[in-house]
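Reading the structure
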Amino acid sequence: MAEYITLAVDGLQALLDELKRREYRVLGPTIRDQAIVYDDIESLRDLPMGWTDEQSGGHYRLVARQDDAIFGYPVGPHSWKRFLHPPVLPLWQAESAGNSVRITTTQGPDQPFAFIGVRSCDLHAIAIQDRVLIGGQHVDPSYRDRRKGAFIVAVNCGEAGGTCFCASMNTGPKVEDGFDLALTEIVIDDQRLFLTEVGSPAGRDVLLQVPHRPATPDEIAAADGVTARTAASMGRVMRSDDVRELLLGNLDHPRWDEVAERCLTCGNCTMVCPTCFCTSVEDSSDLLSGKSGRTRHWASCFTLDFSYIHGGSVRGSARSRYRQWMTHKLASWVDQFGSSGCVGCGRCITWCPVGIDITEEVRAIREDRPAERTHHED
Amino acid sequence: MPTRSKKPRLAVWKFASCDGCQLTLLDCEDELLAVAGAIDIAYFPEATRGKIEGRYDLSLVEGSITTPHDAERIREVRRRSATLVTIGACATAGGIQALRNFADVKEYASVVYARPDYIDTLATSTAIADHVAVDFELRGCPISKKQLLEVIAAYLAGRRPQAPAHSVCVECKHKGNVCVMVAHKTPCLGPVTHAGCNALCPSYGRGCYGCYGPMESPNAVSLSQWLKPLGLDERDLQRLYRTFNANAPAFRKESERHGP
Ligand code: SF4
Ligand code: SF4
Ligand code: SF4
Ligand code: SF4
């Protein structure tokens, strides 16, 4: 039986304070450069109270709300992978010390992370990266160290964004698993409250130091209403049950040529996607200090280097690169890792500079699939 | 480091350019002093001065080819250089002076100079690689100090320089910038532009101007299509691609689609 309590707005501040007192690095949503990004949070004042956003293909705009909602926006340009699986990470440095070489490896973060406002889609994305990066035989030590002890304050979405489609991917909007505390922002008798579900012993322990009271049945019902309404207002829809077969059966569909005409092969979609995990390493040698080192950074299947094997790149055309990305996300990921690689967060749609929409691409292939085009079924 | 007893000889050559890239080199003084023991450096800053003598292990070439004399001189430089690296938009694409490629040079000369018959110039400004074989092209207007040092360090270590040819967007996202095009409707050439500047302009809320020229697989046609509803007309689009890298084939072609 789930355990529910209720926090008022000052309870939320007390929660942030308690996390800081426990020496977490508290990260959450905040406004920067006209967008809601994830960064260090000092107090409630840093959160985007009274703001939301408008999103569609290649379009994002920060918009003032009519109320004081604190979590009244969906997801923005950043995802939590910035912190768990950083874009640029020095792995080691080497310098000569007399006749030997001294190697220093990069240590994990000084403080464990506390993430405030993690949405259901992103919880699923974290679970996917857990499977990929630490779930198998080969463990990524830097991800392991960053993920270990991370405290997750999830939020049930109060409204879906214009490019959200978690309901189609069965990844939201209601959070189910993988959090320490989960908040639903509700307003009862003009009072802003956070119905809070306890998801772990660590979550319960933190709450002991935070003023709260047991939730009433009305509050629980109000929170259920919130996620039900959000589920019914998704910005995008994508039929996902047979999408693996659909794509793998249409590898020569003319739609790939059409999307390739628009695709810039810029790689933005892979960078914003919370599940894309590919990296590449770069060695450097510094003329001045004589030090050399290795740095890891996010890679993208949209670059030519990505598929470079001696003599050239395997995926030279935009068609082959877009197809690689989308069929990996929605089809071969299932064979590789046991789930879809897409959690329906919509970031790739919003942050594609030319508004290419993964749900529209699937639909185009689905709707134009005449039976006589049997050669696509090979 | 190449296996030889003598120190490698590095030469810096200047053709038609503003000197900005050589300033980047001067700005590397500390680092270069550190390798001065390992390398001999010869500068050839002016077209007329500096005798070309002997052979050079690594030649860095700045500037574009705009005169018949320079077209000759670059062949001589190539003959004497084991490795030839071009640096900057002038050397790799013809530079801003390649705007002459879209105009009538004779007519210009007659308007600008009192004695146009003294002017011995080619009708075009072209990249070094249009004249001789080039081993590596380092992009940028101006080049980045970090990348220049990387090229020299890579040469000394006998490895390939790390200067990825993907889009500026990749660097922009690594930095965690908010995309100025998506979030602010600011036109940005980042998606079609070669990385190297570490997304300098988008990091300050500006659109990318394309200083590093076209990226590895530029789709400027699609980007232009997207920019029209942001308020850019044909003339704006043409000018967008006609700056420091106007003569780089992908930008040249796209600018020509939007007018003569
Ligand atoms: S995709 Fe779903 S869970 Fe994610 S932000 Fe949108 S509504 Fe919330
Ligand atoms: S593919 Fe797009 S919608 Fe799916 S998880 Fe990645 S960014 Fe989100
Ligand atoms: S789909 Fe969009 S974001 Fe992705 S590479 Fe193509 S143009 Fe860039
Ligand atoms: S601001 Fe420009 S460079 Fe940065 S991601 Fe957007 S389009 Fe690319």
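Residues numbered from 1 in each chain as written. Chains lettered and ligands numbered in written order. Predicted model: local features only at pLDDT ≥ 70, side-chain atom pairs only at ≥ 80, totals over all residues. Heavy atoms only, no water.

Labelled according to an unreviewed UniProt entry, chain B appears under the name Coenzyme F420-reducing hydrogenase, gamma subunit, originating from Enhydrobacter aerosaccus. Under Cofactor (unreviewed entry), UniProt gives the following word-for-word description of chain B: "[3Fe-4S] cluster". (UniProt positions renumbered as here; feature names shortened; annotations may be inferred.)

Per an unreviewed UniProt entry, the recorded name for chain A is 4Fe-4S dicluster domain-containing protein, and the organism is Enhydrobacter aerosaccus.

All residues adjacent to ligand 4 are Asn268 of chain A together with Val168, Cys169, Cys172, Lys173, Cys179, Val180, Cys188, Gly190, Pro191 and Pro202 of chain B. Nearby residues around ligand 4 are contributed by chains A and B. Here the residues of the shell around ligand 4 are counted per class, giving eight nonpolar, two polar and one charged. (Near = heavy atom within 4 Å. Nonpolar A, V, L, I, M, F, W, Y, C, P; charged D, E, K, R; others polar.)

Before going further, it helps to spend a moment on unusual backbone geometry. A negative phi angle characterises most non-glycine residues, just as the trans form characterises most peptide bonds. Omega for the peptide link from glycine 172 of chain A to proline 173 of chain A comes to 5°, which places this bond in the cis form. Along the chain, the position of proline 173 of chain A falls in the loop between helix 5 (166-169) and strand 10 (181-188). Here cysteine 141 of chain B and proline 142 of chain B are connected by a cis peptide whose omega angle stands at -5°. By secondary structure assignment, the location of proline 142 of chain B is in the loop between strand 5 (136-138) and helix 6 (145-157). Although it is not a glycine, glutamine 34 of chain A sits at a positive phi angle of roughly 60°. Inspection of the secondary structure puts glutamine 34 of chain A in the loop between strand 2 (25-32) and strand 3 (35-40). Under the relative-accessibility criterion, glutamine 34 of chain A is labelled partly exposed at 48%. Phi at aspartate 189 of chain A is positive, roughly 50°, even though this residue is not glycine. By secondary structure assignment, the location of aspartate 189 of chain A is in the loop between strand 10 and strand 11 (191-198). For aspartate 189 of chain A, a relative accessible area of 76% puts it in the exposed group. (Helix = DSSP H or I, 4+ residues; strand = E, 2+ residues; numbered from the N terminus. Buried < 20%, exposed > 50% of the residue type's maximum accessible area, 1.4 Å probe, protein only.)

Bringing a nonpolar patch on the surface into the picture now. Residues and elements named next belong to chain B. Together, Val111, Val112, Tyr113, Tyr118 and Ile119 make up a nonpolar patch on the protein surface, roughly 560 Å² of accessible area in all. Mapped onto the elements, valine 111 comes out in helix 5 (residues 105-112). Judged by relative accessible area, which is 65%, valine 111 ranks as exposed. (Patch = residues over 30% accessible without salt bridge, like charges linked within 9 Å, V, L, I, M, F, W, Y side chains within 5 Å. Areas by Shrake-Rupley, 256 points an atom, 1.4 Å probe, with all protein chains shown as cover. Salt bridge = Lys/Arg side-chain N within 4 Å of Asp/Glu carboxyl O.)

Here we come to helix 3 (residues 68-80) of chain B. Residues and elements named next belong to chain B. Here helix 3 is 13 residues long and its end C-alpha atoms lie 19 Å apart, about the 18 Å a rise of 1.5 Å per residue gives. Residues of helix 3 that are buried include every one of Asp70, Ala71, Arg73, Ile74, Val77 and Arg78, and no others. For helix 3, the arc enclosing every buried residue in end-on projection is 165°, short of the 170-degree limit, so these residues lie on one face. Those residues of helix 3 that are buried lie in contact with strand 1 (9-14), strand 3 (56-62) and strand 4 (81-87). (Expected span 1.5 Å × (residues − 1). Arc of directions from axis to C-beta. Contact = heavy atoms within 4.5 Å.)

Residue and element names in this part refer to chain A. Orientation of helix 11 (residues 318-337) relative to helix 13 (residues 358-367), taken along the N-to-C sense of each, is 90°, at an axis distance of 12 Å. Relative to helix 13, the element helix 11 lies roughly perpendicular. Between helix 11, through Tyr322, Trp325, Met326 and Leu330, and helix 13, the contact on the second element is made entirely by Ile358, Glu361 and Val362. A breakdown of the residues in the contact of helix 11 with helix 13 according to their chemical character gives six nonpolar, no polar and one charged. (Axes fitted to C-alpha atoms, helices over the stretch in contact; angles between N-to-C directions. Parallel < 35°, antiparallel > 145°, perpendicular 65-115°, else oblique.)

Residues and elements named next belong to chain B. Looking at where alanine 220 falls in the secondary structure, it is placed in helix 10 (residues 220-227). Under the relative-accessibility criterion, alanine 220 is labelled buried at 6%. In this structure, alanine 220 is in contact with Val192, Tyr241 and Glu254, ignoring residues within four places of it in sequence.

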